Amino acid sequence: MSHDDRDLDMERRLREALASTAEAVQPGGDGLMRIQQRVAEGRGRDRWLRPALVLGSVVVVAAIAVGGVAIARHGTGAAKVGPGHSPSPTPTINPVVSDGFPEQAFFPFSNAAEEASWEQQSAGGHSPWISDPGAVSESWVDNYLKFGAGVGAGTVSITGTSADVTMQRAIAGSEHPVAIVHLVKFHHAWLVTGASSAQGDLVISSPAPGATGNSPLTVSGPGFGVDERANVEVRDAETPALLGQAKTGMFGGGTSQWSASVSFTPSDEGFGVVVVSIASPADGGLGEFTAQKVVFTTASPVAKTAGFYGVQGGVIERFDAGGAPAGPVAGSSAHGTVAEVHHAGGTLYFTAGTTDCPSTLYSLPAGGGTPLSAAQADQGYGIEGFDVTTDGLLTYYERSCTRPMPDPQAKLWFEVVRQTPGAHTTGYISFPSEPPAIVGDPVWEADGTHVDAFVRTGMQGYLARYDSTHGNKTMPGAVPCGQYDPATQLTGAVATAPDGTLWFAGQTGSSMQVLSCDAGQPTVRFTIPVNGTPQSLAVDSSGTALLADSDGNVWRAAAGGTPSELSTKGGVSSVTW
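Every chain's residues receive numbers from 1 upward, in the order its sequence appears when written. Given that the model is predicted, a residue must reach a pLDDT of at least 70 before its local features are reported, and side-chain atom pairs must reach 80 or more before they are shown or counted; all residues, however, enter totals for whole chains, interfaces and linings. With hydrogens and water excluded, all non-hydrogen atoms of the structure serve as input to the side-chain values.

## Some words on the pattern of salt bridges
Line of reasoning, step 1. A pair is scored as a salt bridge if a Lys or Arg side-chain nitrogen falls within 4 Å of a carboxyl oxygen belonging to Asp or Glu. Scanning the entire structure with this criterion turns up 8 salt bridges.
Line of reasoning, step 2. A salt bridge links R465 to D447, with the shortest nitrogen-to-oxygen separation between them at 3.8 Å. Placement of R465 in strand β27 (residues 461-467) and of D447 in the loop between β25 (437-444) and β26 (450-456) is noted, with a sequence separation of 18 residues between them.
Line of reasoning, step 3. Overlapping salt bridges bring together E384, R399 and E434 as one network. Helix and strand labels come from DSSP, where a helix needs a run of H or I of at least four residues and a strand needs a run of E of at least two; each type is numbered from the N terminus.

## Overview of the pairing of strand β31 (residues 521-528)
Line of reasoning, step 1. In terms of strand pairing, strand β30 (residues 512-518) meets β31 through 7 bridges, oriented antiparallel. Bridge assignment links L515 to a residue of β31, and that residue is V524.
Line of reasoning, step 2. By the convention used here, strands pair only if DSSP detects at least 2 bridges between them. The turn joining β30 and β31, which pair antiparallel and follow one another in sequence, is formed by 2 residues; a positive phi near 55° is taken by A519.

## Comments concerning the sheet that holds β26
Line of reasoning, step 1. Pairing is antiparallel in the open sheet, where 3 strands are placed in the order β25-β26-β27. The open sheet is flanked by β25 and β27, the only strands paired with a single partner. Strand after strand, the sheet turns through a mean of 25° between neighbouring axes, direction not considered.
Line of reasoning, step 2. Relative to β27, β26 is paired through 7 bridges, and the arrangement is antiparallel. What sits directly across from D452, in β27, is R465. Axes, fitted as lines to C-alpha atoms, cover a helix only where it is in contact. Angles between the N-to-C directions of the axes lie from 0 to 180 degrees.

## Observations regarding the environment of I528
Line of reasoning, step 1. Within the secondary structure, I528 sits in strand β31.
Line of reasoning, step 2. Separated by 16 residues in the primary sequence, I528 and M512 have C-alpha atoms spaced 5.1 Å apart.
Line of reasoning, step 3. Not counting the four nearest positions on each side in its chain, I528 is found in contact with S511, M512, L547, W555 and P563. Whether two residues are in contact is decided by their heavy atoms: any pair within 4.5 Å suffices.

## Considering the state of the cysteines
Line of reasoning, step 1. Throughout, disulfides are identified as pairs of cysteine sulfur atoms within 2.5 Å of each other. Under the defined criterion, the tally for this structure stands at 2 disulfides.
Line of reasoning, step 2. Residue pairing for C357: its cysteine sulfur links by disulfide to C401, the two sulfurs lying 2.0 Å apart. Linking C357 and C401, the disulfide has an S-S dihedral of approximately 85° and is accordingly described as right-handed. Of this pair, C357 sits in strand β19 (residues 357-365) while C401 sits in the loop between β22 (393-400) and β23 (410-416); the two residues are 44 residues apart in sequence, bridging distant segments of the chain.
Line of reasoning, step 3. C357 gets classed as buried once you look at its relative accessible area, which sits at 14%.
Line of reasoning, step 4. Categorising residues by exposure relies on relative accessible area from a 1.4 Å probe, with only protein chains included: less than 20% of the type maximum marks a residue as buried, more than 50% marks it as exposed, and the intermediate range marks it as partly exposed. A relative accessible area of 33% places C401 in the partly exposed class.
Line of reasoning, step 5. Two residues, C481 and C517, share a disulfide whose sulfurs are 2.5 Å apart. Residues C481 and C517 are joined by a disulfide whose S-S torsion is about 115°; by sign, that bridge is right-handed. Highlighted residues: C481 in the loop between β27 and β28 (489-496) and C517 in strand β30, separated in sequence by 36 residues. The pair C481 / C517 is uniform in exposure class, with both members buried.

## Topic: the environment of L490
Line of reasoning, step 1. With respect to the helices, strands and loops of the structure, L490 is situated in strand β28.
Line of reasoning, step 2. Residues L490 and Q460, 30 residues apart in the sequence, show an inter-C-alpha distance of 8.8 Å.
Line of reasoning, step 3. If we skip the residues at most four places from it in the chain, L490 touches F454, L463, Y484, F504, A505 and G506.

## A look at the sheet that holds strand β34 (residues 554-558)
Line of reasoning, step 1. Judged by pairing direction, the sheet is antiparallel, and its 4 strands sit side by side in the order β32-β33-β34-β35 without closing on themselves. Each of the sheet's edge strands pairs with one partner strand only, and the pair in question is β32 (534-539) and β35 (564-565).
Line of reasoning, step 2. With 2 bridges joining them, β34 and β35 adopt antiparallel strand pairing. Bridge pairing links R556 to S564 in β35.

## Some words on unusual backbone geometry
What you tend to see is this: most non-glycine residues have negative phi, and most peptide bonds are trans.
Line of reasoning, step 1. The linkage connecting S206 with the following residue, P207, adopts the cis geometry, with an omega of 0°.
Line of reasoning, step 2. Among the secondary structure elements, P207 is positioned in the loop between β6 (189-196) and β7 (212-213).
Line of reasoning, step 3. Following R403, the chain continues into P404 via a peptide bond in cis, with omega recorded as -5°.
Line of reasoning, step 4. For P404, the position within the fold is in the loop between β22 and β23.
Line of reasoning, step 5. A positive phi angle is found at A172, which is not glycine, with a value near 55°.
Line of reasoning, step 6. Within the element layout of this structure, A172 appears in the loop between β4 (162-171) and β5 (174-186).
Line of reasoning, step 7. With phi around 55°, H187 is a residue other than glycine that occupies positive phi space.
Line of reasoning, step 8. For H187, the position within the fold is in the loop between β5 and β6.

In structure tokens, the structure reads:
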């Protein structure tokens, strides 16, 4: 027998041995999936287990001895046979193969490695909801979009590897669809790729799904309805974080298009979700929403700033992270003494005029420039407190500066920031005499309809919720934040965080407390062990708050952290991020 014949005989014997062994093996129904899972490249972030599991590679080494002859196979080369033969190592070449992960998918996974990590744990019962399209949709809407537990999954329609889940909520006693969540199946997981309006009229025409964009991002769509207004958000896709928010102007009744410009801080993942929603005219809650993925570009992102702005010495001053003055904002002293300042969408809004009666609201680029008139108080009135949103909604409380006091003594205005005084006025609520009176700033809620403010009723007061479209009571019965300790009396330091959460500050008699309104109830975020009077409050997107007291001192603290007094040298009457 020649050497070649012996090789052929050995290969025949090897094939027979392997076939016999393979016939005795009973593979599981998910064998292919499990093999694919184990060879998935990379390592996914497991957002449910901390610390992350370390995924080791499994190496299976099989040795088959036939007649004392060692057999080894390297890469895709032929078997090398021979007594005592030690073949030289041959590098294995791994071809580049697409993992097939859906391009528009972002929740609960944004890449194949994350999904593979979950599948490795799912055999032990880990997060089984990920294999249910209805449960995935509910988790995304409730936990990430923060629309509330009242929004649930209704009809689930599955066609092959695609699913549409109708989300609905109770409105006026019956279930109404608010959106259709679109999902695709990747291995065993259902992944959200976006959502469309259940009625089909709320549509994002720009940017396109998966398009790249930077801050500020212009979001637009076709107009519909009669008297509509949309809330536009840019959200992180992998955490429940709100990156930026704006509101459209009123549209409908012939308006061809709605649009809003959203300033935001890009997330580290490099992508996020654009979410547009409108309120239900029946109860003011969620009416419809639509959502899609957006990829962030790296050019000129809006960076988070550790510093802040404040009013000191009658001008707007920049302060660094430690509270040290870094110089006044050019143009802020052009129209007299500055009383209060707010930062919204890269613009500083401030009141200025005479010390005891600042009658004009001005706008000024945050980097400095020439102030422009944005609103004007009525003749003989001064602006006591105000709030401006990034999309130009304005509310302010003006009080008479003349004697004898006119009727009304004060007014709570709801307007749109304007360059020409007298335009776009939406209305006001009269305060015939004081008390009752608003103390400090009124602030807009995220819905763009309601305004919250501390109302002093005499020796006491409460946090009231005003309706800018229908309300006319100086002391409305609606309250935005349940019940709080009556010993902790508010003093007008109220703010709305970028995610729409209401924050406020109060006194206990021995300290100052900063609270937030979570799920309709107050939560103490931190306590300052100083018997001061809160005067101005500001909260950034990370939940870090600034509080200035009536003595001009400023404290800073993250939610749940320890507050520290900043070295502002005192005399700061208003603060803003």
